[in-house]
Amino acid sequence: MTGFLPGPAGPVNTTAGPARPALVDRAQLLADIRATLAATGGVLLHGPAGIGKTALLDALAQQADAAGESVLRSSPTAAEAELPHLALIDLLGETLPALAEELLPSHLRHALECALLHRAPQPGAATDPLAVRVAVLETLRRLAGRGPVLVLLDDTQWLDEASRQVIAFVARRLTDRRVRFAVTERTEHADAAPTMGALCPPTALDLPVGPLGERGTGALLRERLGLRLGGLTLGRVHAVSGGNPYYALELGRSLAAGGSDAALAADPARPLDVPHRLRALVSARLTELPGTARAALTVLAAARTGTGLPATVTEPLAAAHRHGIVRQIPAGTPQFSHPLIAEVVLADATPAALRDAHRLLAALTADPVEQVRHQALAAEHPDPRLASRLTRAADTALTRGAPGTAAELLRHAAHHTPDPDTAGRRLLAAARNAAAAGLPDLARASAEALLTAPAADLRVHARLLLARLLGPDHPGAEALLTAAADDTGGHPALTAAVHQERAVRALHRGDRAAGFAELETAEKHADHADNPDLLVELLALRGPITLLTDPAHGLALLERGCRLAAGRPPTAAAVVCREGLAVAALRSGDTHRALAEVETLRTETEAAGRTEDLANVLYIAASVLERAGRCTEAYAAGRAAHDLRERIEPTPGPARVLGGAAELNGGTAERAAHLLDSAIRAAEDDHDHEWLAYAHGLRGRASFLLGHLPMAVHHLTRCQLLLRRMQFTDPSLFLVDADLAESLALSGRPADAADTLADARDRATRLGRDVVLLGLHRAEAHLTALTDPRHAADTLRALLPAAHPYPLELARAHLALGTLERRARRRAAARTALQDAQALYTAAGCLPWLRHVETVLASLDALEADPTPTQQQILGLIRTGATNREIAATLHLSVKAVEANLTRLFRQYGVRGRAELAKCQE
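Just so you know, these numbers come straight off a predicted model, no measurement behind them. (Residues numbered from 1 in each chain as written. Predicted model: local features only at pLDDT ≥ 70, side-chain atom pairs only at ≥ 80, totals over all residues. Heavy atoms only, no water.)

1. Some details on the nonpolar core
So, step 1. Residues Tyr-694, Leu-723, Phe-734 and Tyr-841 are the most contacted members of the largest nonpolar core, which totals 99 residues.
So, step 2. With residues near it in sequence (within four places) discarded, Tyr-841 still touches Leu-808, Ala-811, Arg-812, Leu-815, Cys-846, Trp-849, Leu-850 and Val-853.
So, step 3. Among the nonpolar cores identified, the runner-up in size contains 46 residues, and Ala-219, Leu-227, Ile-325 and Ile-341 belong to it. (Core = buried A, V, L, I, M, F, W, Y, C linked by side-chain atoms within 4.5 Å. Buried < 20%, exposed > 50% of the residue type's maximum accessible area, 1.4 Å probe, protein only. Contact = heavy atoms within 4.5 Å.)

2. Regarding the sheet that holds strand β4 (residues 179-186)
So, step 1. With parallel pairing, five strands are arranged side by side in an open sheet as β2-β3-β4-β1-β5. Edge positions in the sheet fall to β2 (70-74) and β5 (205-208), since each has one partner strand and no second. Recorded for the sheet is a direction-independent mean angle of 15° between the axes of neighbouring strands.
So, step 2. In this sheet, β5 lies alongside strand β1 (residues 42-47) in parallel orientation, the contact comprising four bridges. What sits directly across from Leu-44, in β5, is Asp-206.
So, step 3. Contacts from helix α1 (residues 27-40) reach β1, β3 (149-153), β4 and β5, with the element oriented near 145° to β1.
So, step 4. Contacts from helix α2 (residues 53-66) reach β1, β2, β3 and β4 within the one sheet, and its direction differs from that of β2 by about 160°. (Pairing = 2+ DSSP bridges. Helix = DSSP H or I, 4+ residues; strand = E, 2+ residues; numbered from the N terminus. Axes fitted to C-alpha atoms, helices over the stretch in contact; angles between N-to-C directions.)

3. Points about the packing of aromatic side chains
So, step 1. Summed over all chains, the structure comprises six aromatic pairs.
So, step 2. Relative to Trp-691, the ring of Tyr-619 lies with its centre 5.2 Å away and its plane at 50°, an arrangement referred to as tilted. Taken together, the positions of Tyr-619 in helix α30 (residues 611-627) and Trp-691 in helix α34 (residues 689-705) put the pair 72 residues apart, joining distant regions of the chain.
So, step 3. When the centroid spacing of 5.7 Å and the interplanar angle of 15° are considered together, the rings of Tyr-694 and Phe-734 count as stacked. With Tyr-694 in helix α34 and Phe-734 in the loop between α35 (709-725) and α36 (737-746), this pair connects stretches of sequence that are 40 residues apart.
So, step 4. Among the residues examined, Tyr-694 registers a relative accessible area of 7% and is labelled buried.
So, step 5. Clustering of aromatic rings is evident, with ring pairs tying together Tyr-619, Trp-691, Tyr-694 and Phe-734.
So, step 6. Above the ring of Phe-734, the side-chain terminus of Arg-701 is found at 4.8 Å from the ring centroid.
So, step 7. The ring of Phe-704 carries the charged tip of Arg-812 above its face, separated from the ring centre by 5.4 Å. (Phe/Tyr/Trp six-rings, centres within 6.5 Å; stacked < 30°, edge-to-face > 60°. Lys NZ or Arg CZ within 6 Å of the ring centre and 35° of its normal.)

4. Quick look at helix α22 (residues 456-470)
So, step 1. The terminal C-alpha atoms of α22 lie 21 Å apart, and with 15 residues this matches the ideal 21 Å at 1.5 Å per residue to within 8%.
So, step 2. When we look at burial in α22, the residues that qualify are Leu-458, Arg-459, Val-460, Ala-462, Arg-463, Leu-464, Leu-465, Leu-466, Ala-467 and Leu-469.
So, step 3. Tucked into the core, α22 has its buried residues touching α20 (420-436), α21 (440-448), α23 (477-487) and α24 (492-508).
So, step 4. Once α22 ends, the next one or two residues include Gly-471, with phi positive near 100°. (Expected span 1.5 Å × (residues − 1).)

5. As for the packing of helix α28 (residues 572-588) against α30
How two helices sit against one another is set out by the angle between their axes and by the gap between those axes.
So, step 1. Between α28 and α30, the least distance of the axes is 10 Å, while the angle of their chain directions is 5°. With respect to their mutual orientation, α28 and α30 come out roughly parallel. Residues Ala-572, Val-575, Glu-579, Val-583 and Leu-586 of α28 form the contact with α30, whose own contacting residues are Asp-613, Asn-616, Val-617, Ile-620, Ser-623, Val-624 and Arg-627.
So, step 2. Grouping the constituent residues of the contact of α28 with α30 by class yields seven nonpolar, two polar and three charged. (Parallel < 35°, antiparallel > 145°, perpendicular 65-115°, else oblique. Nonpolar A, V, L, I, M, F, W, Y, C, P; charged D, E, K, R; others polar.)

6. Comments concerning the packing of helix α31 (residues 631-648) against helix α32 (residues 653-666)
So, step 1. One can describe the packing of α31 onto α32 by two numbers: an axis separation of 8 Å at closest approach and a directional angle of 160°. For the element pair α31 / α32, the angle class is roughly antiparallel. The hand of the α31/α32 crossing is left-handed. The residues of α32 that touch α31, namely those facing Cys-631, Ala-634, Tyr-635, Gly-638, Arg-639, Ala-641, His-642, Arg-645 and Glu-646, are Pro-654, Ala-655, Arg-656, Leu-658, Gly-659, Ala-662, Glu-663, Asn-665 and Gly-666.
So, step 2. In terms of residue class, the contact of α31 with α32 is made up of eight nonpolar, five polar and five charged. (Left-handed = near helix turned anticlockwise from the far one by under 90°.)

7. A few points about the environment of Leu-815
So, step 1. Mapped onto the elements of the fold, Leu-815 is located in helix α40 (residues 807-823).
So, step 2. For the pair formed by Leu-815 and Asp-759, sequence separation is 56 residues and the distance between their alpha carbons is 24 Å.
So, step 3. Beyond its immediate stretch of four places on either side in the chain, Leu-815 contacts Leu-834, Ala-837, Tyr-841, Trp-849, His-852 and Val-853.

8. Digging into unusual backbone geometry
So, step 1. One non-glycine residue, His-687, adopts positive backbone phi at about 55°.
So, step 2. Mapping His-687 onto the fold places it in the loop between α33 (669-686) and α34.
So, step 3. Residue class for His-687 comes out exposed when judged on its relative accessible area of 55%.
So, step 4. The backbone phi angle of Arg-825 is positive, close to 70°, even though this residue is not glycine.
So, step 5. For Arg-825, the position within the fold is in the loop between α40 and α41 (827-844).

9. Things to note about the side chain of Asn-901
So, step 1. With respect to the element layout, Asn-901 can be found in helix α45 (residues 895-909).
So, step 2. Within the local environment of Asn-901, its side chain forms a polar contact with the side chain of Gln-871, the two groups lying 3.2 Å apart.
So, step 3. Residues within four places of Asn-901 in sequence aside, it is in contact with Gln-871 and Ile-874. (Polar contact = N/O pair within 3.5 Å; in protein donor to acceptor, adjacent residues only side chain to side chain.)

And the structure:
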């Protein structure tokens, strides 16, 4: 064992057993491993205990087994390291009896059987080491003659020496890559140099297995333990585990078993409950230290990273350094060799020792915010003057764009405030700042503490915040809203706030009538309350919805909300109103204004540190950037929105929709499809119709790119139906109509395509959405091409503008023109149109569509000059409605020959089926 933190006990033999859970957040690493194996024949994976090396071998084994490959595996343990040839027994013990006698020369087979203990050696005769080596080499070569072989060697730091020498001999000589080696070795950390490279072919590469990110840690806990953590709690588990999957799972099990995740949210300074098998060895090392070193470790554990420590602290740490507990970094303060140790130190420290540590740290820092935080943690009794300093420090934190820090300081301030009403208001402010910072666990704990507050308004606002944290579809929210309504006492502002929350939920489930009724009631009460912030919240609700049916009025509402919010502290509602201005400009085709609005808003929101608002702003920014034809930036914003929402959202659907949308800008259609399928399942489970609609629409685009037209029609139809049920009829809201009409036309459903186009044109005319007409022209051209591709191409070419507010729509139109010209047998014109589309997609950085156009261009260049006489006869019979079998009988061909010629005709004419081919001109 190279480290002193315990790792999971490796299995003695993992060649069989129940299916293991799928890997989490390791898809790219697994793909890199597979590519390395294919290119070099070997890979050496190394990293600390528990980092997931064995899980990667499990995944490789499952994939190889599914592909019909032979999988040989050994997983030694420390207790078996002295048993000779044990790894060879694991690898070949079950295989050797199945090998026919003639496949291995008798003397080699005899040596190998003796080494594997399948045969007793001759009395007094030693097993020839060279014979064993050659026997294993020949056995693997013969197995490879039957098919690919994958050799998996796990935990090779415990490999017995006899097996190590044999495998190294064999690996040097098996270089044809029909036998591939995947080897794991435990090292102190991912950057440490491995030593077991000789167990792989000479061309093999070594790959470090690093820690999971915070997002991956959260996904691991959700999928393996059903434990959904967020905010501070997830951040703590990730930090303490160091991203090590084994440690994270052990910490997660401890949290779930003791219910301490809620306690941790209520007290962020509280140490994690480190399970015994993780802390046992650490604690043993700590007890060997002198008292001065343990006290110094407590100060180091309580300090923020980068805090300068005096010699009175650093000098006693020399003993901890000798025990491997801390490590010295160049020109910096000492660091714990693993964050888990710091958590054990904090958990073992006495309250008095912790107070002393924070008292020292408060004296060491000059930053007023950090200083007062340490003073609060050092205080033994409530202190009103300290509470006032904490409140002022929270204001300072907010000006620095750190609402999460402000929330922590306000919680401390509430604890030190003797007046219950003042304490409650500070706690409510803490809850709201925590929610804005994307720390739902801290917000929830703070709000729950107010449910018994003496002031009714505190109880009402706490319940409303808890309802919002549950999400718009959670059944438990109704009881909170009912209790809040009963507690308002008729106060206009409180009553308006309750009706506002009910409006949010009604609008979210698509009940616009009920939502508007609740809004009208809320507005009447808000007028009596003379509360500008509340009016901004109501306008932020009504404005975006009104924008869908009456753009001018909706824009006026949003502008009023922005005027009311100007000069006031930032709120989520103010951000929504400003987002609405960007969206209104985007839907009208004013992409320059939309970009200016959203870029300014993003900068301000990032500076304010309001994580929840930032997640929404990034979503809008990604949408604006995509339509503005800046897909590289749209991809980055979409991925950032995905990562933020996955961390703070109570449900995973929205985050996965944003991830899928990002992939359609700068990733791959395959990855987009995977994410969006997952988003659809999540949104269906949550009955989230809006995000479900977007997921289906984007999945339809991915299907189109992947060449699955029936699936594209299915998803796009579902998207349009869901949008209509929610009365989202503005055709510029989500550009589904043109895509659906095009897919219907290409699928041989002209009547449905025509109906879709007529309905979309009517809505675009009523709302003045001329910006969507180019897409409708493109789809109509595909419809016309079913009977006259030349006329369709000529008409579309005449309608093409030199520029368009949505550059990707112009690119799609040129792509459509190229397809139509190809069907019209005008290949030079088709090539020109496709090259124009290629240039537009290149300028936009839209990778999936660029690859699609390049594929179409490549197929155009590969076309035969003209249909052969046989193919012309097949075309004529297709137009009469003849089946493949009837064509074969008429032309005295085989059915397979007919099918092969049809495939070539489909490529030549750029069509996808017989119905389209029948309408093509000769």
